[in-house]
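Next come the chains, spelled out residue by residue.
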Amino acid sequence: MNLKTFTYPEEKKLKSRKLIKQVFEDGKTIKAFPLLIRYTEHEGELHKVGVSVSKRNFKTAVDRNRIKRQLREAYRLHQQELTDSGSKFAVMLIYIGRKKMPTVKIQETLSTLLKELK
RNA sequence: AGCGCAGGUCGCCCUAUCGCUGUCCCGGGAAAUCGGGAGAGAGGAAAGUCCGGACACCAUAGCACAACAUAGCGGGUAACGCCCGUCGUCCCGUCCCGAUCCCGAUAGCUAUCGGGACUAUCGGGACGGGGAAGGACCAGUGCAACAGAAAGCAAGUACAGUUCGGCUGUAGUGAAAUCGGUAAACUCUAUGUGGUGAAAUGUUAUGUAAACCAAGGCUUGAGGGUUGUGCGCCCGAUCUUGGAGGGUAAACAGAUUGAGGUUUUUGGUAACAAAAAUCCUAGAUAAAUGAUAGGGUCCCGAUUUCGAUCGGGAACAGAAUCCGGCUUACAGACCUGCUUUUUUU
RNA sequence: UGGCCUAUGGUGUAACUGGCAACACAUCUGGUUUUGGUCCAGAAGAGUCUAGGUUCGAGCCCUAGUAGGCCAA
């Protein structure tokens, strides 16, 4: 088993303002509480993934950072479930819950969502 | 030893596996970069953005007005609205004394003396523990509900005194009643503040990009130069309107070595300053500093054979140019000083 | 990162230079009507976002906070 598939370096992050705008304007949506995923195809070499947590639901920066880190970690461990399909995606993971969740649960829901994604 | 008050210090730890962001070293490669290793990686408030600076640009920064801030006195500081010391005032706290209270005695029907109680109220004093504000209503303007004769160019009740004068005192209303009160009312005095804000600013790369086309405007001055107004100063066609229209949300510097930390000595009541030695301690940018497992520590609840077992939880909170403060949030632990209570000597 | 504004009954707004917090809608009760609405009469509901301070007295003035909103890019 190749350990390299568990990395999440700079190149796999969704950072281009243009691409993000595209994802939100004409991307598709799937959701399973407490996550919502917007995604679209793009012409890069790699999948691009970003995370987002609303300030309205979590007031302190500590809570928001914690959830963003949980989301990144979950994607890092389950990203190979996305690599099977041919085309590359730009994906935004959005946390829509109002309460904090244990990491295991977030990983499970993300895993099922990633398998649905086409 | 316990309780309380004040001040200060710290603010979860260890191991393993898998990741993230810089730095350094080794090897491969022409280079982009790839592989391996070492070491570093949030706070006391990083927060609120309430003050003061550094730094950059705008006339190397000007004048007047306006506006804003501060306010005993002395000191500290780069500076401050911050800190230290000190003065008088007020409030709270602690202690003491006297009166009101109770008991007894003596004279006598109200006083004196002695003792008790320490709860409440009132008056006075001491301690210096804690807190608060601290220029000027003899410059001018304004304000004062209800009550009261009257709330400030005046008017004037009752009683008493009287040098017989609308002179003095007392009463009555009220927070305040005749050299009054009020400036966290305007204002005056003294002192200080130029504006903007790292998304400042500079360099590089790509691009035709302060670009291109049309009309207007021309040194007799349009327009601009980051201030609320006026003046002054500087630039001098860089302007205005319309049309068409490419691209980027880039990299580096600013930017992490600084009014820096620690220890010692000296000066000073102290804040703090000086000298010597020693240390290097985040630098991200859709924004790193984490996740999981196990163990420990502490707290809460239940059970209990009082040894422990089980379950739950880990305060407030996340750097964004950098410093000095202030304010606000905060589980728990430790240290120092003082008051008081109990035990022992 | 920097700057600015607002908060008053359930809702929307008033309150002059500091002096008994007012109005409309909504709510409740009664009347009118066969009933409902309309209409008429009456009642209840706040102590002004929170905590301090100045003052005889604070919605208003000062200080600190909380919540919400807006602007610059």
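Whatever comes next refers back to the structure up there.
Residues numbered from 1 in each chain as written. Chains lettered and ligands numbered in written order. Predicted model: local features only at pLDDT ≥ 70, side-chain atom pairs only at ≥ 80, totals over all residues. Heavy atoms only, no water.

Participant: Honestly, the nonpolar core in this entry has me stumped. Any pointers?
Facilitator: Generally speaking, nonpolar side chains in soluble globular proteins are found buried as a group. In terms of nonpolar packing, the biggest core is built from 24 residues, with Ile 37, Leu 93, Tyr 95 and Leu 110 touching the most fellow members. Listing elements by their share of this core, those giving two or more residues are strand E2 (35-42), strand E3 (48-53), helix H2 (61-78), strand E4 (88-95) and helix H3 (103-116). Val 23, Leu 36, Ala 90 and Met 92 belong to the second-largest nonpolar core, a separate cluster that totals 7 residues. (Core = buried A, V, L, I, M, F, W, Y, C linked by side-chain atoms within 4.5 Å. Buried < 20%, exposed > 50% of the residue type's maximum accessible area, 1.4 Å probe, protein only. Helix = DSSP H or I, 4+ residues; strand = E, 2+ residues; numbered from the N terminus.)

Participant: Explanation requested: the protein's contact with RNA strand B in the structure shown.
Facilitator: Of all residues adjacent to RNA strand B, which total 21 residues, the nearest are Leu 14, Arg 66, Arg 69, Arg 76 and Thr 103. Here, RNA strand B places atoms within 4 Å of the protein, and 66% of those atoms are sugar or phosphate. Note that a phosphate oxygen of RNA strand B is positioned 2.5 Å from one of the side-chain N or O atoms of Arg 66. In the model, a sugar or linking oxygen of RNA strand B is placed 2.8 Å from a nitrogen or oxygen of the Arg 76 side chain. Mapped by element, the contributors of at least two residues to the surface near RNA strand B are helix H1 (17-26) and H2. (Near = heavy atom within 4 Å. Polar contact = N/O pair within 3.5 Å; in protein donor to acceptor, adjacent residues only side chain to side chain.)

Participant: Looking at this structure, how should I read the side chain of Gln 107?
Facilitator: Within the element layout of this structure, Gln 107 appears in helix H3. The exposure class assigned to Gln 107 is buried, which follows from its relative accessible area of 18%. Setting aside residues no more than four positions away along its own chain, Gln 107 makes contact with Glu 73, Ala 74, Leu 77 and His 78. (Contact = heavy atoms within 4.5 Å.)

Participant: How should the pairing of strand E1 (residues 28-32) be read in this particular structure?
Facilitator: With 5 bridges joining them, E1 and E2 adopt antiparallel strand pairing. Looking across to E2, one finds that Ile 30 is bridged to Ile 37. Hairpin connection, E1 to E2: the antiparallel pair is bridged by 2 residues. (Pairing = 2+ DSSP bridges.)

Participant: What is the right way to look at the packing of H2 against H3 in this model?
Facilitator: Between two packed helices, what matters for the description is the angle formed by their axes and the separation of those axes. Between H2 and H3, whose axes approach to 9 Å, the crossing angle comes to 50 degrees. The pairing of H2 with H3 is recorded here as oblique in orientation. Crossing of H2 against H3: the hand is right-handed. Here Arg 66, Gln 70, Leu 71, Glu 73, Ala 74, Tyr 75, Leu 77 and His 78 of H2 come into contact with H3, specifically with Thr 103, Ile 106, Gln 107, Leu 110, Ser 111 and Leu 114. For the contact of H2 with H3, the per-class residue count stands at 7 nonpolar, 5 polar and 2 charged. (Axes fitted to C-alpha atoms, helices over the stretch in contact; angles between N-to-C directions. Parallel < 35°, antiparallel > 145°, perpendicular 65-115°, else oblique. Left-handed = near helix turned anticlockwise from the far one by under 90°. Nonpolar A, V, L, I, M, F, W, Y, C, P; charged D, E, K, R; others polar.)

Participant: Explanation requested: H3 in the structure shown.
Facilitator: The periodicity of an α-helix, 3.6 residues per turn, causes residues three or four places apart in sequence to face the same way. With 14 residues, H3 should reach 20 Å at 1.5 Å per residue; the first-to-last C-alpha distance of 20 Å fits that figure. Along H3, the residues classified as buried are Ile 106, Gln 107, Thr 109, Leu 110, Ser 111, Leu 113 and Leu 114. Against E1, E2, H2 and E4 lie the buried residues of H3. (Expected span 1.5 Å × (residues − 1).)

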